[in-house]
Amino acid sequence: MHGYFAVRSALRARLGAIALVAPLMCFVLFFFFWPLATMMQAAVTDGTVRGVLPETAAALSDWDGESGPTAAMQAALIADLRAPAQQMDFGDAVRRLNSEISGFRSLMSRTATAVRGAPEGSTLTLVGIDQRWGDPKYWQAIRRAMPLYTDRNLLAAVDLTRDARGHIAQAEGGASANRQILTRTFVISAAVTLLCAAIGLPYAMIIAASGGWVRTLLLIAVLLPLWTSLLVRTAAWFILLQNEGIINDTLIALGLTDAPVQLIFNRTGVVIAMTHVLLPFMVLPIYSGLLAIPNNLLPAAASLGATRLQAFRHVLLPLAFPSLMSGCLLVFMVALGYYITPALVGGAEEQMISSVIAFFATGTANWGMAGALGFILLAVTTLLYFVYGRLSRSPTMMIN
Amino acid sequence: MKAMTLKRATSVFGAATLALSIVAGSAAARDLTIVSWGGNYQEAQKKIYFEPFSQKTGKPVLDESWDGGIGVIAAKVKAGTPNWDVVQVETEELELGCMDGFYETIDWDKVGGKDKFLDAAVHECGVGAIVWSTALSYDADRLKEAPTSWNDFWDTTKFPGKRGFRRGPKYSLEFALMADGVKPTDVYGVLRTPEGVDRAFKKLGDIKADIVWWEAGAQPLQLLASGEVAMTTAYNGRISGINKTEGKNFKIVWPGSIYAIDSWVILKGSPNTDAAMDFIAFASQPENQSQLPEHIAYGLPQKDAAALVPAEQAAELPTAEANLAEAVALDGAFWVDNIEELTSRFNAWLAE
């Protein structure tokens, strides 16, 4: 009897715990995993074309893929276009085909209008409507769009494509530069993270060492920008950095330079502005980490003969290292997604991957490509997170 | 245990309610929502269209602003009931969205008949709202000699300083071809050939290092005002607007400018289609539309409205005879087909 109650109460406690985390789990599933899964699904699913052109799909399976279109293929496409389709599905299919070959959109709408406008029973030839239909490349494009799953978006996200024989190949030179833009995104984010660490660590140490109103003032100086809109902060940097801005005016007035120094629309401007905007994400974790360190450790090290530098190097830094690393991680991850700041104070060389994602998502409604680029970014970031996991552990082992 | 169950039930109910309210929030009855391009343009629209229409019908009108993009419209329409009703869109968004079934069909009888409008402003899915230009602009107080063509825009020895461009292939490629000696009437013919595209990119490459890229319509004004660029492409209405409000002396070069029509559309599945159609009709009435140029220098697609505009205002509009003479009409069909491929190439070119 007693055992039964023990099991029951354990079960009850377990259920209680589940109930307590249930809202959180629902939230995470609904707002985090579900959108992520949708995004990844969008990156690899295809089949909109198959849905709208089912007869063409069947006819294409008998085609050798090289010669001109067979009569059966043409008849099937005409039949598919005659069949009433949901306009939005048709639009999705056409968008998919146009991203394969530019001009497919007008070809399809022209053909659809001609086919639907022709009287029932009249003989139509596609090549008669538009001679492009005689070119196998349009039919190859339709065939490539038929499978329900595709890797083309993921490949295109890293400038790869499949050649005519289906082998993975480099995309045509000058057609896209996603790899370069991704690399640049990581380089800029790393530079900003390093700068934030270089400024944030001493700053956090000063806050932690000070007291009273000085500490409050220093904390407010970090927090105030956080409460200001990102757009406002970026615009402020625009005003400061421009050729006739305060910085250049001061430099010229001091006689340090004759002509204005180019501080904006280049890497310098972007790194300065992003470092400022992201600094709170570095300072706050380090500061809270420093607060947890007993403040008699440094005097103790000094009493044992350590110089100030040695005490910092062997006592404070290892203890503050985990919070420094979490600050770096925060800054780096947030920097990866930056969009507004590079667009406003950067030049052409500073556009980061999120501007490319935004173009595909809002500009052309190509959610497959947006999803694929997002997925690549997520994958690389996850990889870096594991590297971080390794890095943030090692110094503790050093002390041991 | 009971308390737990209750708590759990509450939390599940809470999450469900939250989810439902997000999914279905837009389905509830909502006031007519009109979306336009923001800035001093939308201020003018508010004064002459939104507020008077609200007064006339006795119902509130909500207005929001956006920055364009067919993806935004696609997301709203595919979600079921959109939370926007009337949207002002650019040429390609009109074409693309109409093909894809994102818009309601226009009841042209309600708007006063197709013959009352410029031909280019009549569409199955949209009613023309304004005629606007993208043109070479400069600050006449800073430049001693006035530039007159895209050739001058490319001449960085005669006119030292940076150049502003809207980021993206649209407009940039056309202007580059004109600077390379292509006649305005031939621009899209040349651009339709692969050699033409190469030629445009090559010409653009000549001043690549001098270009400052902008994205929002208000940016070129700031670039000019701060002297950051010597010349920039800009929207004509914003240029004359800032001259009026801030006493600037910015000038527009009309030859070689590209004009386009923005249209009102109604999103498919809008719960306010009747009110939306009434609004578009209201904004197309000559006595209402003719007030627009007083606030912002955009041309009027409704012919009777255009005739009511005072002569000195009419001379500033893209639709004025003299300004149209050497201007080019934006070829929406070309960009509908090519925007994705050319933007990828443009991004790659930028990254080189």
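Residues numbered from 1 in each chain as written. Chains lettered and ligands numbered in written order. Predicted model: local features only at pLDDT ≥ 70, side-chain atom pairs only at ≥ 80, totals over all residues.

Draft legend 1. Focus on the UniProt feature "transmembrane region" (unreviewed entry) in chain A. Residues and elements named next belong to chain A. When the UniProt feature table is mapped onto this chain, "transmembrane region" (unreviewed entry) is found at residues 15-34, 186-211, 217-239, 246-265, 271-294, 315-340 and 367-388. In residues 246-265, helix accounts for 40% and strand for 0%; the two terminal C-alpha atoms are 16 Å from one another. Overall, residues 315-340 shows 88% helix and 0% strand. The separation of its end C-alpha atoms is 40 Å. (UniProt positions renumbered as here; feature names shortened; annotations may be inferred. Helix = DSSP H or I, 4+ residues; strand = E, 2+ residues; numbered from the N terminus.)

Draft legend 2. Main features of the packing of helix H12 (residues 230-241) of chain A against helix H14 (residues 267-291) of chain A. All names here are of chain A. One way to put it is that H12 packs onto H14 with a least axis distance of 10 Å and a crossing angle of 140 degrees. It follows that H12 is oblique to H14 by the angle criterion. Read as a crossing pair, H12 and H14 show a hand that is right-handed. Across the interface between the two elements, Leu230, Arg233, Thr234, Trp237 and Leu241 of H12 pack against Gly269, Ile272, Ala273, His276 and Val277 of H14. (Axes fitted to C-alpha atoms, helices over the stretch in contact; angles between N-to-C directions. Parallel < 35°, antiparallel > 145°, perpendicular 65-115°, else oblique. Left-handed = near helix turned anticlockwise from the far one by under 90°. Contact = placed C-beta atoms within 7 Å.)

Draft legend 3. Spotlight on the domain arrangement of chain B. All names here are of chain B. Each assigned domain of chain B is listed with its residue range as follows: domain 1 (32-131 + 261-324) and domain 2 (133-259 + 327-351). Computed over C-alpha atoms only, the centres of domain 1 and domain 2 are separated by 26 Å. Counting only elements with at least two residues in the side of domain 1 that touches domain 2, the list comes to helix H2 (39-57), helix H4 (91-99) and helix H17 (321-324). By residue number, the principal contributor to the side of domain 1 that touches domain 2 is H4, which donates 4 residues. When the residues that make up the side of domain 1 that touches domain 2 are grouped by side-chain class, the tally is 8 nonpolar, 4 polar and 4 charged. (Domains from an automatic or database assignment. Nonpolar A, V, L, I, M, F, W, Y, C, P; charged D, E, K, R; others polar.)

Draft legend 4. The arrangement of helix H8 (residues 136-144) of chain A in detail. Residue and element names in this part refer to chain A. Along H8, the residues classified as buried are Tyr138, Trp139 and Ile142. Buried residues of H8, viewed axially, fall in a sector of 95 degrees; they line one side. The inward-facing, buried residues of H8 abut helix H2 (48-52), helix H3 (54-60), helix H4 (71-82), helix H5 (87-100) and helix H6 (104-117). (Buried ≥ 20, exposed ≤ 12 C-beta atoms within 10 Å, placed from the backbone. Arc of directions from axis to C-beta.)

Draft legend 5. Broad picture of the interface of chain B and chain A. Contacts between chain B and chain A engage 37 residues on the former and 40 residues on the latter. Those elements giving two or more residues to the side of chain B that touches chain A turn out to be helix H1 (2-24), helix H3 (70-78), strand S6 (211-214) and helix H18 (332-351) of chain B. Residues of the side of chain B that touches chain A, tallied by class, amount to 17 nonpolar, 11 polar and 9 charged.

Draft legend 6. View of unusual backbone geometry. All names here are of chain A. Although it is not a glycine, phenylalanine 265 sits at a positive phi angle of roughly 65 degrees. Residue placement: phenylalanine 265 occurs in the loop between helix H13 (246-253) and H14. Look at phenylalanine 265 and you get buried, because 26 C-beta atoms sit within 10 Å.

Draft legend 7. Fine view of the packing of helix H7 (residues 172-179) of chain B against helix H9 (residues 194-206) of chain B. Residue and element names in this part refer to chain B. In contact at an axis separation of 8 Å, H7 and H9 are set at 85 degrees when each is read in the N-to-C sense. Put simply, H7 runs roughly perpendicular to H9. Here H7 contributes Ser172, Leu173, Ala176, Leu177 and Ala179 to the contact with H9, which in turn contributes Gly196, Val197, Arg199, Ala200, Lys203 and Leu204. For the contact of H7 with H9, the residue count by class is 7 nonpolar, 2 polar and 2 charged.

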